[in-house]
Amino acid sequence: MTVDDLRRAVASVPDPSPLPPIDEELVASSVRYLGSSAAMESLEADAYWPKWDSPWWHMLLLSEIDEARRIPAAMVDAMVARLDAMPLHVFPIYPGEAPPGTDPWRDVICHCALGSMHRVLTECGVDVAASLKWVEPWFERYQMVDGGANCDEKAYLAAECASSMVATISPFEAMLARPVSTFADRAAAFMIERQLTKGSPSVHNAEERATAPSWLEVCFPRFYFYDVLRGLCAVVKWAKGREQLLPVEAIATATAHLVAAFPDGVVRVQRRAFAGRRTLVHIDGEWQQRPSASTFPLLEGASKIGEPSPVLTRHWAVARRDLMTLLEP
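Given the structure is predicted, the values throughout are model-derived calculations rather than measurements.

What counts as what
Residues numbered from 1 in each chain as written. Predicted model: local features only at pLDDT ≥ 70, side-chain atom pairs only at ≥ 80, totals over all residues. Heavy atoms only, no water. Helix = DSSP H or I, 4+ residues; strand = E, 2+ residues; numbered from the N terminus. Rg over C-alpha atoms; globule rule 2.2 N^0.38 Å. Buried < 20%, exposed > 50% of the residue type's maximum accessible area, 1.4 Å probe, protein only. Contact = heavy atoms within 4.5 Å. Areas by Shrake-Rupley, 256 points an atom, 1.4 Å probe, with all protein chains shown as cover. Polar contact = N/O pair within 3.5 Å; in protein donor to acceptor, adjacent residues only side chain to side chain. Phe/Tyr/Trp six-rings, centres within 6.5 Å; stacked < 30°, edge-to-face > 60°. Lys NZ or Arg CZ within 6 Å of the ring centre and 35° of its normal. Axes fitted to C-alpha atoms, helices over the stretch in contact; angles between N-to-C directions. Parallel < 35°, antiparallel > 145°, perpendicular 65-115°, else oblique. Left-handed = near helix turned anticlockwise from the far one by under 90°. Nonpolar A, V, L, I, M, F, W, Y, C, P; charged D, E, K, R; others polar. Pairing = 2+ DSSP bridges. Arc of directions from axis to C-beta. Salt bridge = Lys/Arg side-chain N within 4 Å of Asp/Glu carboxyl O.

Visitor: Which parts of the structure should I look at to understand the overall build of the protein?
Guide: The number of helices and strands found in the protein is 15 helices and 2 strands. Computed over C-alpha atoms, the radius of gyration of the protein comes to 20 Å, within 12% of the 20 Å expected from 2.2 N^0.38 for 329 residues, which places it in the range of a compact globule. When burial is assessed residue by residue, the protein has 51% of its 329 residues classed as buried. Within the protein, residue pairs in contact and separated by at least 24 positions form 73% of the contacts whose partners lie at least 6 positions apart. Summed over its atoms, the accessible surface of the protein is roughly 14400 Å², and 55% of this surface lies on carbon and sulfur atoms.

Structure follows, in structure tokens:
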């Protein structure tokens, strides 16, 4: 596909009329929850678990629908304190990095989790670099040679580079809100090399290669999951901020797919990436694995398959507009 072909394809998609926002009562229900004693008790027990109905997930979803400003200040402050109180401020890879008795599920945080919450806290007005000094250096520390990352610690010990799109996208987005960084530039190069659509070529991360076709189905909310619209929007934002042109071959497949999938410019939810996931649940004083995670009203309302998404539709419109000036001649 040539630059002119891609420009014509992008230009063929109209800008749709504004879509109705997400039901205000659903939004308000999550805001009320985050201001409740039950939410504070959940946060005290764990910053992240259980999926998908702890304060962590309410905060992430409010951020995704551009309502982070409504997260109660007390919850924002409590989340910062809870993260800083994590037993480990490293991602343990080598023997001895995690003390005996470390819970690998609850005492260790991962790259996509930190990237996600960095974005939310930033939108809430928190200077993450000042309040959580260990977070931003973390991203560069665990960036792999190709610019990606992996939330599987064994990937760092493999004889090949087994980076992950899913582990990279959230930190990449988070650092795009910061001043120019080597991390963001290298992550962008990684995304471009993968053409936004390709799973890992490694043996260690063959599972990602098998799941990569699902990235063509746009999901909402994203949380830490990946799809090609999310990848395209992030790379376009990076290119615009860095005044870089994008090679057609790097984005043609993803862009042409999105043009064909949403020719009227309205993006409809195609996948609930969070469905069917296991979780940890605190029961009778113990954390136990459960085969399915619970949800909450705003999550159910925002993720209906086939429904137009005002957020994703807006993201696609912005990406199309900016792409027209960012393609290599």
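Visitor: Is there a simple way to think about the side chain of S200 in this case?
Guide: Within the secondary structure, S200 sits in the loop between α10 (182–193) and α11 (206–211). When its relative accessible area of 0% is taken as the criterion, S200 is described as buried. A distance of 2.6 Å separates polar atoms of two side chains, one belonging to S200 and the other to S202. Residues within four places of S200 in sequence aside, it is in contact with C161, A162, S163, R194, N205, E208 and R209.

Visitor: Got a minute to help me understand the packing of aromatic side chains in this structure?
Guide: Centre distance and the angle of the planes are the two values used to describe a pair of aromatic rings. Enumeration over the complete set of coordinates arrives at 22 aromatic pairs. Note on W215 and Y226: the rings are 4.9 Å apart at their centroids and 80° apart in plane angle, and the pair reads as edge-to-face. Separated by 11 residues along the polypeptide, W215 in the loop between α11 and α12 (228–242) and Y226 in the loop between α11 and α12 bring together distant segments of the chain. Neither residue differs from the other here; W215 and Y226 are each classed as buried. Grouping aromatic residues by their ring pairs yields a cluster made of Y48, W49, W52, W56, W57, W105, F223, Y224, F225 and F274. The ring of W316 has R320 sitting right over it, with the charged end atom 5.1 Å from the ring centre.

Visitor: How do you make sense of the environment of A129 when you look at a structure like this?
Guide: The residue A129 is located in helix α7 (residues 128–131) in this model. With a relative accessible area of 27%, A129 lands in the partly exposed category. Between the C-alpha atom of A129 and that of R178, which follows or precedes it by 49 residues, the distance is 9.4 Å. Beyond its immediate chain neighbours, meaning those up to four positions away, A129 contacts E136 and R178.

Visitor: Teacher, can you tell me more about the packing of α12 against helix α15 (residues 310–326) here?
Guide: The relative placement of two packed helices comes down to the angle between their axes together with the axis-to-axis distance. Direction vectors running N to C along α12 and α15 enclose 45°, while the axes themselves pass 9 Å from each other. With respect to α15, the element α12 is oriented oblique. The two elements α12 and α15 cross, and the hand of that crossing is left-handed. Taken together, the residues of α15 that come into contact with α12 (itself represented by L229, L232, C233, V236, A239 and K240) are L312, H315, W316, A319, R321, D322, L323 and L326. Its residues assigned to classes, the contact of α12 with α15 comprises 10 nonpolar, 1 polar and 3 charged.

Visitor: I'm lost on the pairing of strand β1 (residues 279–283) in this one. Help?
Guide: Relative to strand β2 (residues 286–290), β1 runs antiparallel, the two sharing 5 bridges. Looking across to β2, one finds that T279 is bridged to R290. Taken together, β1 and the strand that follows it, β2, pair antiparallel across an intervening segment of 2 residues, in which D284 is found at a positive phi of about 50°.

Visitor: Just to check I follow, could you spell out helix α1 (residues 3–11) for this structure?
Guide: The α-helix advances 3.6 residues per turn, and as a result positions three or four apart in sequence lie on the same side. Inspection of α1 places V3, L6, A9 and V10 among the buried residues, and these make up the whole buried set. Taken down its axis, α1 places every buried residue within 130° of arc, on the same side. Away from its buried face by more than 90 degrees, α1 exposes R8 and A11.

Visitor: What exactly am I supposed to notice about the environment of W215 here?
Guide: Taking the relative accessible area as the measure of exposure, W215 reaches 3% and is therefore buried. With 160 residues separating them along the chain, W215 and P55 place their C-alpha atoms 27 Å apart.

Visitor: Explain the pattern of salt bridges to me, please; I cannot follow it from the model alone.
Guide: In the structure shown here, the tally under the stated rule is 19 salt bridges. Of the charged contacts, one joins D322 and R321 as a salt bridge, the two residues approaching to 3.1 Å between their closest N and O atoms. The exposure class assigned to D322 is buried, which follows from its relative accessible area of 10%. Three or more residues are tied together by salt bridges with common partners; here these are E24, E67, R69 and R70.

Visitor: What is the right way to read the environment of G265 from this model?
Guide: Checked against the element boundaries, G265 lands in the loop between α13 (248–261) and β1. The class for G265 is buried, based on a relative accessible area of 0%. Note: C-alpha distance between G265 and A210 (55 residues apart in sequence) is 29 Å.

Visitor: Help me out: how do you make sense of the packing of helix α3 (residues 37–45) against helix α5 (residues 73–84) in this one?
Guide: Orientation of α3 relative to α5, taken along the N-to-C sense of each, is 10°, at an axis distance of 10 Å. By the angle between their directions, the pair α3 and α5 is classed as roughly parallel. The residues of α5 that touch α3, namely those facing A39, M40, L43, E44 and A45, are A74, M75, A78, M79 and R82. Per-class residue counts for the contact of α3 with α5 are 8 nonpolar, no polar and 2 charged.

Interpretation note: all reported values are geometric properties and have no functional meaning in isolation.
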